[in-house]
Amino acid sequence: MGDVLAGFHAAWEFESDSVLIRFERGIRTPKLFQALGERRIPLEAIAGVTLTPGKRGTVVLRAEPRPGADPLMEAADGQLKEACDPYRLVLPAERETLAEYYADELRDRLTQQGPAERFLVDAPEVPRAFKAYDAKASFDGRAVSFRWFWTGASSAKWKAGDQTFPVADLSGVEWRSPEVFEGHLRLLRRTDSSVVPVDQDPASVVFGLGYGPVHESLPFAAAVLAAVRSAGGVPAVQLHSGRRDPADVAERIRHLGELHSAGLVTDEEFSVKKAELLAEL
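Rules of the game
Residues numbered from 1 in each chain as written. Predicted model: local features only at pLDDT ≥ 70, side-chain atom pairs only at ≥ 80, totals over all residues. Heavy atoms only, no water. Helix = DSSP H or I, 4+ residues; strand = E, 2+ residues; numbered from the N terminus. Contact = heavy atoms within 4.5 Å. Areas by Shrake-Rupley, 256 points an atom, 1.4 Å probe, with all protein chains shown as cover. Phe/Tyr/Trp six-rings, centres within 6.5 Å; stacked < 30°, edge-to-face > 60°. Buried < 20%, exposed > 50% of the residue type's maximum accessible area, 1.4 Å probe, protein only. Expected span 1.5 Å × (residues − 1). Arc of directions from axis to C-beta. Pairing = 2+ DSSP bridges. Axes fitted to C-alpha atoms, helices over the stretch in contact; angles between N-to-C directions. Core = buried A, V, L, I, M, F, W, Y, C linked by side-chain atoms within 4.5 Å. Salt bridge = Lys/Arg side-chain N within 4 Å of Asp/Glu carboxyl O.

To continue, consider the overall build of the protein. Along the protein, the regular secondary structure elements total seven helices and 14 strands. Looking at the protein alone, contacts between residues at least 24 apart form 59% of all its contacts between residues at least 6 apart. In the form shown here, the protein has an accessible surface area of approximately 14,700 Å², with 50% of it arising from carbon and sulfur atoms.

Attention now moves to the packing of aromatic side chains. Evaluated as defined, the whole model comprises 10 aromatic pairs. Between Phe-14 and Tyr-102, the ring centres sit 4.6 Å apart and the planes meet at 5°, which makes this aromatic pair stacked. Remark: Tyr-102 occurs in helix α3 (residues 96-109) and Phe-14 occurs in strand β2 (residues 10-14); sequence separation between them is 88 residues. As far as the burial class goes, Phe-14 and Tyr-102 line up, both buried.

Let us now look at the side chain of Ser-204. By the secondary structure assignment, Ser-204 is in strand β14 (residues 204-206). What makes Ser-204 buried here is its relative accessible area of 0%.

In this section: α3. Over its 14 residues, α3 extends 20 Å from the first C-alpha to the last, a length consistent with the 20 Å expected when each residue adds 1.5 Å. Of all the residues in α3, the buried ones are Ala-99, Tyr-102, Ala-103 and Leu-106. For α3, the arc enclosing every buried residue in end-on projection is 105°, short of the 170-degree limit, so these residues lie on one face. Residues of α3 that are exposed and point more than 90 degrees away from the buried face comprise Thr-97 and Asp-108. Those residues of α3 hidden inside the fold are in contact with β1 (4-6), β2, β3 (18-23), β5 (46-53), β6 (58-65) and β7 (88-92).

Moving on, we get to the sheet that holds β3. One open sheet accounts for four strands, arranged β1-β2-β3-β4; its pairing is antiparallel. Edge positions in the sheet fall to β1 and β4 (38-42), since each has one partner strand and no second. Neighbouring strand axes in the sheet, compared pairwise and without regard to direction, differ in orientation by 20° on average. Packing against the sheet, α3 makes contact with β1, β2 and β3, and its axis sits at approximately 135° to β1.

Moving on, we get to the nonpolar core. Side chains that are nonpolar tend, in soluble globular proteins, to be buried together. Ranked by internal contacts, the top residues of the largest apolar core, which has 68 residues, are Leu-61, Phe-146, Leu-185, Leu-187, Val-205, Leu-218 and Val-224. The contact partners of Val-224, leaving out residues within four places of it in the chain, are Phe-139, Val-144, Leu-170, Val-173 and Leu-187.

Moving on, we get to the environment of Gln-112. Looking at where Gln-112 falls in the secondary structure, it is placed in the loop between α3 and β8 (128-131). A C-alpha to C-alpha distance of 8.3 Å links Gln-112 and Leu-43, two positions 69 residues apart in sequence. When sequence neighbours within four positions are dropped, the list of residues in contact with Gln-112 reads Glu-44, Ile-46, Ala-47 and Arg-66.

Our next topic: the environment of Val-224. With respect to the helices, strands and loops of the structure, Val-224 is situated in helix α5 (residues 214-230). Judged by its relative accessible area of 0%, Val-224 falls in the buried class. A C-alpha to C-alpha distance of 9.0 Å links Val-224 and Pro-71, two positions 153 residues apart in sequence.

Here we come to the sheet that holds strand β9 (residues 135-139). Overall, antiparallel pairing links the four strands, which are arranged β8-β9-β10-β11 in an open sheet. Because the sheet does not close on itself, it has two edges, and the strands there are β8 and β11 (163-166). In this sheet, neighbouring strand axes are inclined to one another by 10° on average, regardless of whether the strands run parallel or antiparallel. Judged from the five bridges that link them, β9 and strand β10 (residues 143-148) form a sheet pairing that is antiparallel. Bridged to Ser-138 within β10 is Ser-145. Contacts from α5 reach β8, β9 and β10, with the element oriented near 140° to β8.

With respect to the secondary-structure elements, Ala-223 resides in helix α5. Since its relative accessible area comes to 4%, Ala-223 is described here as buried. Sequence-wise, Ala-223 and Val-126 are 97 residues apart; in three dimensions their C-alpha atoms are separated by 7.1 Å. When sequence neighbours within four positions are dropped, the list of residues in contact with Ala-223 reads Ala-123, Pro-124, Val-126, Arg-128 and Phe-139.

A full pass over the atoms with the stated rule returns 15 salt bridges. Between Asp-134 and Lys-157 there is a salt bridge whose closest N-O contact spans 2.6 Å. Of this pair, Asp-134 sits in the loop between β8 and β9 while Lys-157 is found in helix α4 (residues 155-160), placing the two residues 23 residues apart along the sequence. Of the residues examined, Asp-134 reaches a relative accessible area of 2% and is grouped as buried. Taking relative accessible area as the criterion, Lys-157 reaches 0% and is therefore assigned buried. With a shortest N-O distance of 3.3 Å, Arg-142 and Asp-140 are connected by a salt bridge. What you see here is one network of salt bridges that share partners, running through Glu-174, Arg-176, Arg-186, Arg-189 and Asp-201.

Purely geometric stuff here, so don't read any function into it on its own.
Spelled out as structure tokens, the structure:
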């Protein structure tokens, strides 16, 4: 097709076998979009296309990625806010007719449905690095390294020492958005199925206010996940931790109390989370 449809924060270029999404740079553009720069989405990675009314006189054109086709969306696991969805193109309502034309054109070219057997969209490029609350995380394409900060790392992590995890030893990753309480990045290891709290697990880093932001930690997680799958890693499975150690729960409640006292957690959030922690005893 070769045509370009420009919207807010991005422009889509329609090609014969893919859609090239170029994200704008600017203070109003979500930082995740700026970090991604541009992404080529093969048509075989798209399951469908929708066009719906948006907010304040806009329409939203969205490509629906096939499950398993995009490492970024697999790592995000449904946690991205709507405004940060890289598959959404927001346009002025007066372009609805034009958007509907391109939506129909795309639908006519789609031939694949259901989960993809492999990643079809390229992962964010490496090397990558970001600062978590308790460590600096880096990935060179072959191994993930955690270098602990003495000001943030738990005694368990500090005693374990800095960590390096070859991709071949991993089975997947678990990313929890830093925009919710207890955000983190956990590496899932082939030889260790045990689960301990992330602040005690040397294969995990903890996020926090200003640490591990989405635009840094999510592309990092996606790059690691793609490398793991390429190396033959098995899909990540849901792990259940069982009951926690009472001392760990007490420490978490203490930390929660500090956040509450500092005004970073509301009274309601404090009560709800405290009850959740106590229920784990």
